Amino acid sequence: MRHYYLDYRSRSSSVTDKNEFSASSHFRWQSIKKFLFVAHAFSLNSFSFDLFSRVLVVHAHLFLYIIYAVGIGISYMFMDFFIKQYTRKLDTGKLMNPLLKGVSYGIIIQTDLSAILHAIDLADSVRFLLTSMNKTPAWSKCQNLPPNISCVSSQDIKIKCNNEVIVNLKHTSAHLNYLKLFAGLDRNSLSMRFFIIAIVWICNFFIASITDTALLRIFKLSFLWGVFSTTFILIFLLFSTQYTTQAFYEIMSLKNSSYNKGINLVTDPFGVGLIGVYDFGTMSPFTMVDNAVLIFAMVFIAMAFARSLIVRVLYLKLTECVKVDLAESPHYLLFAILPLSTEFMDAHKIFVLYIYLYMMAALVAYLAMFTSTMSRLLHSEFCSVKTIYIIGLVCFLGFIQSLPLTLYSGDTMGLFFGLNTCTLSLGAIKVAIVMWVYGVQKFSTDIQFWLGFEPTSFWQNLWTVLPLFLTNLAGILKSSYKHGPPEIEDRKKRRNFDKVAQNRKCKHNCLILDETFDCNHLPLTFRRKSNINNDSLTNIYEAGPSNERHRTSSVLDIANLDAQK
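Cut-offs used in this document
Residues numbered from 1 in each chain as written. Predicted model: local features only at pLDDT ≥ 70, side-chain atom pairs only at ≥ 80, totals over all residues. Heavy atoms only, no water. Helix = DSSP H or I, 4+ residues; strand = E, 2+ residues; numbered from the N terminus. Buried < 20%, exposed > 50% of the residue type's maximum accessible area, 1.4 Å probe, protein only. Contact = heavy atoms within 4.5 Å. Areas by Shrake-Rupley, 256 points an atom, 1.4 Å probe, with all protein chains shown as cover. pLDDT = per-residue confidence, 0-100. Core = buried A, V, L, I, M, F, W, Y, C linked by side-chain atoms within 4.5 Å. Axes fitted to C-alpha atoms, helices over the stretch in contact; angles between N-to-C directions. Parallel < 35°, antiparallel > 145°, perpendicular 65-115°, else oblique. Patch = residues over 30% accessible without salt bridge, like charges linked within 9 Å, V, L, I, M, F, W, Y side chains within 5 Å. Salt bridge = Lys/Arg side-chain N within 4 Å of Asp/Glu carboxyl O.

K.L.:
Would you mind showing me how to read the overall build of the protein here?
P.N.:
Regarding its fold elements, the protein presents 19 helices and 6 strands. In the protein, which comprises 565 residues, the proportion classed as buried is 48%. Considering only contacts in the protein between residues 6 or more positions apart, those separated by 24 or more positions represent 80%. When the accessible area of the protein is evaluated, it comes to approximately 28,800 Å², of which 61% is carbon and sulfur surface.

K.L.:
What am I meant to see in the confidence of the model for the protein here?
P.N.:
Should the pLDDT be low somewhere, the predicted coordinates at that spot are not to be read in detail. On average, residues of the protein score 78 in pLDDT, and 76% of them are at 70 or above. Across residues 512-518, confidence stays below pLDDT 50; counting only partners more than four residues off in sequence or on other chains, it has 5 contacts. Taken together, the stretch residues 534-559 has pLDDT below 50 and engages in 21 contacts with residues farther than four places along the chain or on a different chain.

K.L.:
Before we go on, may I ask you to explain unusual backbone geometry in this structure?
P.N.:
Most peptide bonds adopt trans geometry, and most residues besides glycine take a negative phi value. The backbone of Arg54 sits at a positive phi, close to 70 degrees, despite the residue not being glycine. Among the structural elements, Arg54 can be located in the loop between helix H1 (29-43) and helix H2 (62-87). Residue classification places Arg54 among the buried residues on the basis of a relative accessible area of 16%. With a phi angle near 60 degrees, Glu164 is a residue other than glycine that sits in the positive phi range. Tracing the chain through its elements places Glu164 in the loop between helix H4 (154-162) and strand S3 (167-168).

K.L.:
Where do I start with the nonpolar core in this structure?
P.N.:
A general tendency of soluble globular proteins is for nonpolar side chains to be buried together. Counting residues in hydrophobic clusters, the biggest one holds 146 residues, and the most contacted among them are Phe35, Phe52, Tyr65, Met79, Phe219, Phe270 and Phe443. In terms of residues, this core owes the most to one element, helix H10 (residues 289-318), which gives 18 residues. Setting aside anything within four residues of it in sequence, one finds Met79 in contact with Lys430, Val431, Val434, Met435, Phe443 and Trp463.

K.L.:
Could you clarify how one ought to interpret the packing of H1 against helix H7 (residues 212-240) in this entry?
P.N.:
Helix-helix packing is characterised by the crossing angle of the two axes and by the distance between the axes. As a packed pair, H1 and H7 sit with axes 8 Å apart at the nearest point and diverge in direction by 75 degrees. Comparing their axes, H7 and H1 come out roughly perpendicular. Taking contact as the criterion, the partners of Leu36, Phe37, Val38, His40 and Ala41 in H1 are, on H7, Leu216, Phe219, Lys220, Ser222 and Phe223.

K.L.:
Before we go on, may I ask you to explain a nonpolar patch on the surface in this structure?
P.N.:
A cluster of nonpolar side chains, contributed by Met192, Phe195, Ile199, Ile202 and Phe206, occupies part of the molecular surface with about 500 Å² of accessible area. Note on Ile199: relative accessible area 36%, which makes it partly exposed.

Encoded structure:
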């Protein structure tokens, strides 16, 4: 049976005869390869560099992350990418549902903030790599420090380690160099930071403004560099150290695994609440998108596991000589813990080049991906403005917005996790609008019309309950159990506090009878200041026969209390 479709990729709409709806033609490897390159550029950043090593405070277990990826990530990416393939438009098309269009503007803001955060990480990677190329890197020696600060260089750490003396990471030259580079506010440091971030956005302007074919080649190079460099380092570790097997078993262990630690980590790679993967008009509109997303998920998780294994091996080697607490942020892991750990490995320069060249290649593609996508999206709204002008405006605004965050580039974890919480919320709203307002069955019929197959009940059921998964999972918005007053006793009292019991307590200015702060709510009479006749007052006690006189009063006489004193 012949089918016809409008080729929107050409400048003029043309009707093309396509006999490509047969089941055997769904699996188009060329389009899936392009999807891998684009999705890799979209997904890899400094926060997804290490997911499973258990060196970071917030990490994910491999098995739990696979469940999150299938239940949330893959189903969301499948939905989002199909909408782009089906409509051949970006998220804020003029013919879009008004509710969904409003959500999309919020998604643009979140994507802009995410791009800014990772532009800063790209600038930090460039600056740190430049300082690491010396024969003796700055983070391995103590220099220009006040006399009252104790500092142990990497060579001294090795000497102490031979004498079985463990050094705290906070006293090492790597930690102090980290504070100097990313927390210091001296004139030279600030000038260098602003200069590097300006270079990053200028280079990003030229990269994002090139043709689609050239941009996809950059994405391809980034993907290939990541795969081959990670594979080479992993093979090197298998033959050069005994920690690889131990690191593997520690990563796979289910001990101390929390189901809610890695829930936020699934948002970035699969585009939950962000603009999402855009194909730049080069993929077949008949790509079997569920296969493409599944293959991408398998490749991404495999590479993430390999990177985490490398990080875990470096961490185990470092902890032989240095006491290391869990890293609070990926930024501290990349620029304090990992550089020092490479000093204890053979051919440590190779590890330094691998880590920071990997991050640079990934973040260059990541930033170009988002800049180009946002520029095309804005161009679809303001067609009279040329795309290159919009790219220039986006890069300029990105540079201006990056300057305040550049001052404290290492303290953005709170901002990042707040961003991830918002992306989960907007992602849930987007799925709810598509699946609950438009309808799961209509969406499935669109897929069958466009791709020639109907999604299975598995995908349809996931799309139906996905908004609930994104907003009702316990622990997403839950604070740490240590949240509250700093004293343990105060936190215990707060947990045992009963508002109902508190409301029952006396709130009057009356006499307190015992230590439980209970009172009888009875009025107090002051005989010395009272103008009431005493004879009439005694009538209170004479409410019955003579043998019942002097019964318990309903009024407390303050004069009797004074007499008792």
